[in-house]
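Given next are the chains, with one letter for each unit.
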Amino acid sequence: MAFTHATGKHRRTSRVRRGSARMAGVAALATTGVVGTLAAPALAAEPSAGPTGLLPIVTLGSSLAVQVDAQAAAQRQAAEEKVAEAAARKEAAARAEQAHAAKVRAARAAERKRLNTYVLPITGSYVSTGYRTGGSLWSSGAHTGVDFHAASGTSVHAVGSGTVVQTGWGGAYGNQIVIRMSDGMYTQYGHLSSIGVSVGQKVTPGDVIGLSGATGNTTGPHLHFEARTTAEYGSDVDPVGYLRSHGLDV
């Protein structure tokens, strides 16, 4: 028996025609700007064929952002503290250097003052016989210096800074020392029981140069002290005036 194809409204469209209709519908939607849900599932899941030119945006959670900000702030604070510590160390070093320089200057000034300060040859003593006192006790007929009261063995001091130019026996002066002073004058110390310096030695104010005694032409222990313009006998000047010119109360 022969069969014929069914015709009329109950006839199903062919697979080819259904596919063509679907594609035409998608194309129509694309041209009108409709996006998304109307597209077939197979087409919506289809991956992009290439780069879109858009930059991806990463959004951090609020807690993570707070941690990042806190870490950055801590790093900035640590850097600022390091800078501040370095500046403080530099300032402290500068202050220490200035203080050291000031201390050195003060020490030098004090030393200069000390070296320019005069002292009495016998500490706490007094003049027992004055300058140019006359009498037969002196070969020149007058006292060429002054006598400071002192028991035998009392420390004798250099009155100022200078250099020792003579030591030893000095005839009527007994054991003596002559010092060329820093101001160009000379001082002489006589009747010593002991000499504690040598020629060429530098002395400063207050240095112990010997011990008082009664050697040479003397009636008892004391210190004979002279101020001279040269190292030799006969060039004497008023020793009290000389000491007073250097600030001493004699």
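The structure this text deals with has already been given above.
Residues numbered from 1 in each chain as written. Predicted model: local features only at pLDDT ≥ 70, side-chain atom pairs only at ≥ 80, totals over all residues. Heavy atoms only, no water.

**Some words on the overall build of the chain**
Move 1: Across its full length, the chain holds four helices and 10 strands.
Move 2: Sequence-ordered secondary structure for the chain, helices as α and strands as β, is α-α-α-β-β-β-β-β-β-β-β-β-β-α.
Move 3: Split into buried and exposed, the 250 residues of the chain put 24% on the buried side.
Move 4: Across the chain, every contact between residues at least 6 apart in sequence was considered, and the portion connecting residues at least 24 apart equals 59%.
Move 5: Accessible surface, the chain: about 16600 Å² in total, of which carbon and sulfur atoms supply 58%. (Helix = DSSP H or I, 4+ residues; strand = E, 2+ residues; numbered from the N terminus. Buried < 20%, exposed > 50% of the residue type's maximum accessible area, 1.4 Å probe, protein only. Contact = heavy atoms within 4.5 Å. Areas by Shrake-Rupley, 256 points an atom, 1.4 Å probe, with all protein chains shown as cover.)

**Quick look at the packing of aromatic side chains**
Move 1: What the rule picks out here adds up to four aromatic pairs.
Move 2: Ring centres of tyrosine 118 and tyrosine 242 lie 5.9 Å apart, and the angle between their planes is 75°; this geometry places the pair in the edge-to-face category. Linking tyrosine 118 in the loop between α3 (62-115) and β1 (127-129) with tyrosine 242 in helix α4 (residues 239-245), this pair joins segments that are 124 residues apart in sequence.
Move 3: Tyrosine 118 gets classed as buried once you look at its relative accessible area, which sits at 5%.
Move 4: Of the aromatic side chains, those joined through ring pairs into one cluster are Phe148, Tyr189 and Phe225. (Phe/Tyr/Trp six-rings, centres within 6.5 Å; stacked < 30°, edge-to-face > 60°.)

**Some remarks on the environment of serine 140**
Move 1: Within the secondary structure, serine 140 sits in the loop between β1 and β2 (146-149).
Move 2: As for serine 140 and glycine 234, which are separated by 94 residues in sequence, their C-alpha atoms are 9.2 Å apart.

**Side note on the pattern of salt bridges**
Move 1: A full pass over the atoms with the stated rule returns four salt bridges.
Move 2: Taking the shortest distance from any N to any O, the salt bridge between glutamate 91 and arginine 95 comes out at 3.1 Å. Taken as a pair, glutamate 91 and arginine 95 lie in helix α3 at a separation of four residues, close to a single helical turn.
Move 3: Note that arginine 114 and glutamate 111 form a salt bridge whose closest N and O atoms lie 3.0 Å from each other. Highlighted residues: arginine 114 and glutamate 111, both in helix α3, separated by three residues, approximately one helical turn.
Move 4: Classification of glutamate 111 as partly exposed rests on a relative accessible area of 35%. (Salt bridge = Lys/Arg side-chain N within 4 Å of Asp/Glu carboxyl O.)

**A few points about the nonpolar core**
Burial of nonpolar side chains together is a common tendency in soluble globular proteins.
Move 1: Counting 25 residues, the largest nonpolar core has Ile177, Ile179, Tyr189 and Ile209 as its most contacted members.
Move 2: At the level of elements, β2, β5 (175-181), β6 (186-195), β9 (222-228) and α4 are the ones that each hand at least two residues to this core. (Core = buried A, V, L, I, M, F, W, Y, C linked by side-chain atoms within 4.5 Å.)

**Side note on the side chain of histidine 222**
Move 1: Its place among the elements puts histidine 222 in strand β9.
Move 2: Since its relative accessible area comes to 12%, histidine 222 is described here as buried.
Move 3: For histidine 222, the side chain forms a polar contact with the side chain of aspartate 147, separated by 3.4 Å.
Move 4: Beyond its immediate sequence surroundings of up to four residues, histidine 222 is in contact with Asp147, Phe148, Ala150, Gly190, His191, Ser212 and Gly213. (Polar contact = N/O pair within 3.5 Å; in protein donor to acceptor, adjacent residues only side chain to side chain.)

**A word on the pairing of strand β4 (residues 162-169)**
The side chains of a regular strand alternate between the sheet's two faces.
Move 1: Relative to β5, β4 runs antiparallel, the two being bridged by seven bridges. Across the sheet, valine 164 pairs through a bridge with isoleucine 179, a residue of β5.
Move 2: Linkage of β4 to β5, two consecutive antiparallel strands, is achieved through a turn of five residues, within which glycine 171 is found at a positive phi near 70°.
Move 3: Bridge count between β4 and strand β7 (residues 202-203): two bridges; the pairing is antiparallel. By the bridge assignment, glycine 162 is partnered in β7 with valine 203. (Pairing = 2+ DSSP bridges.)

**Observations regarding the pairing of β9**
Move 1: Judged by how many residues are buried, β9 sits mostly within the fold: seven of seven residues are covered.
Move 2: Residues of β9 alternate between two faces, with His222, His224, Glu226 and Arg228 on one and Leu223, Phe225 and Ala227 on the opposite face, all of them buried.
Move 3: Relative to β9, β2 runs antiparallel, the two sharing four bridges. Bridge pairing in β9 places aspartate 147 opposite histidine 224.
Move 4: Bridge analysis of β6 against β9 gives five bridges, and the strand direction is antiparallel. For glycine 190, the partnering residue across the bridge sits in β9 and is histidine 224.
Move 5: With two bridges connecting them, β9 and strand β10 (residues 236-237) associate as antiparallel partners. Residue pairing in the sheet places arginine 228 in a bridge with aspartate 236 of β10.

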